[in-house]
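Spelled out from the first residue to the last, the chains are:
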Amino acid sequence: MVVFTSGGIATANGEKQQERTRRRCALLGYHRFIDRRNLLVAAQDRFLARIEDAWLSRTAPVWAVDDHEALLSRLIEVFSDVFAENRLVFQAFMLSGYDDPHLCARGAETTRRAAREFGALLVERFGTSPEAADTAYRILWGQAVSAALFADEEVTGLTVSGQNRRGHLLKALQAVLKA
């Protein structure tokens with residue numbers, strides 16, 4: 001009964017757990033990071049860079065569209081698609097990252113940069129005020145975040161098709177940008 005003489009069952013179980021954790025961390029490449037938080041910071045940086053690339057590559061052709069309604073429809077589609085395709089990662093960083101000041105600040109920095117760029121383009125294309133452009137961005141962003149965090153049935157009991165919801169969103173954006 002060596003287990004009882006050298007620390008007991010708890011020690012033996014603890015050593016087994018530590019060994020499993022060491023193996024798991026080695027498989028994940030975790031050893032390259034000082035701790036779990038640094039791993040999360042690196043993962044967030046990678047995720048945000050991927051989202052920024054997706055956003056830029058998908059919106060670049062949209063801004064070339066002459067028709068305002070078609071342009072807004074495509075922007076709604078891009079916002080919806082990018083957030084939907086990355087729903088689980090958005091959830092992870094928006095919910096668990098909110099308690100970490102660095103993760104929260106990095107996410108806010110990215111959101112503000114996107115809002116500035118997006119707003120400037122809306123002002124230029126629609127001849128609207130910066131405040132209206134900011135409001136339009138917030139509407140799109142808020143809709144996309146809501147869809148990323150919650151399933152439709154978690155928000156309301158009303159079932160609305162994606163096409164119908166996008167149509168209403170288009171009308172709301174048009175109203176804001178005409179103001």
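Residues numbered from 1 in each chain as written. Predicted model: local features only at pLDDT ≥ 70, side-chain atom pairs only at ≥ 80, totals over all residues. Heavy atoms only, no water.

### Brief notes about the nonpolar core
Side chains that are nonpolar tend, in soluble globular proteins, to be buried together.
Reasoning step 1: Formed by 34 residues in total, the largest nonpolar core has its most connected members in Leu71, Leu72, Leu75, Phe79, Phe118, Leu122 and Leu140.
Reasoning step 2: If you list the elements that add at least two residues to this core, you get α3 (36-59), α4 (68-85), α6 (101-126), α7 (130-149) and α9 (162-178).
Reasoning step 3: When residues no more than four places from it in sequence are discounted, the contact partners of Leu122 are Trp63, Leu75, Gly127, Thr128, Ala133, Ala136 and Leu177. (Core = buried A, V, L, I, M, F, W, Y, C linked by side-chain atoms within 4.5 Å. Buried < 20%, exposed > 50% of the residue type's maximum accessible area, 1.4 Å probe, protein only. Helix = DSSP H or I, 4+ residues; strand = E, 2+ residues; numbered from the N terminus. Contact = heavy atoms within 4.5 Å.)

### A look at the packing of α4 against α9
Reasoning step 1: Close contact between α4 and α9 brings their axes to 10 Å; oriented N to C, the two are set at 125°. One finds that α4 runs oblique with respect to α9. As for how α4 packs across α9, the hand of that crossing is right-handed. Along its contact with α4, which presents Glu69, Leu72, Ser73 and Ile76, the element α9 presents Arg166, Leu169, Leu170, Leu173, Gln174 and Leu177.
Reasoning step 2: Class assignment of the residues belonging to the contact of α4 with α9 gives a composition of 6 nonpolar, 2 polar and 2 charged. (Axes fitted to C-alpha atoms, helices over the stretch in contact; angles between N-to-C directions. Parallel < 35°, antiparallel > 145°, perpendicular 65-115°, else oblique. Left-handed = near helix turned anticlockwise from the far one by under 90°. Nonpolar A, V, L, I, M, F, W, Y, C, P; charged D, E, K, R; others polar.)

What is shown is where atoms sit, not what they do.
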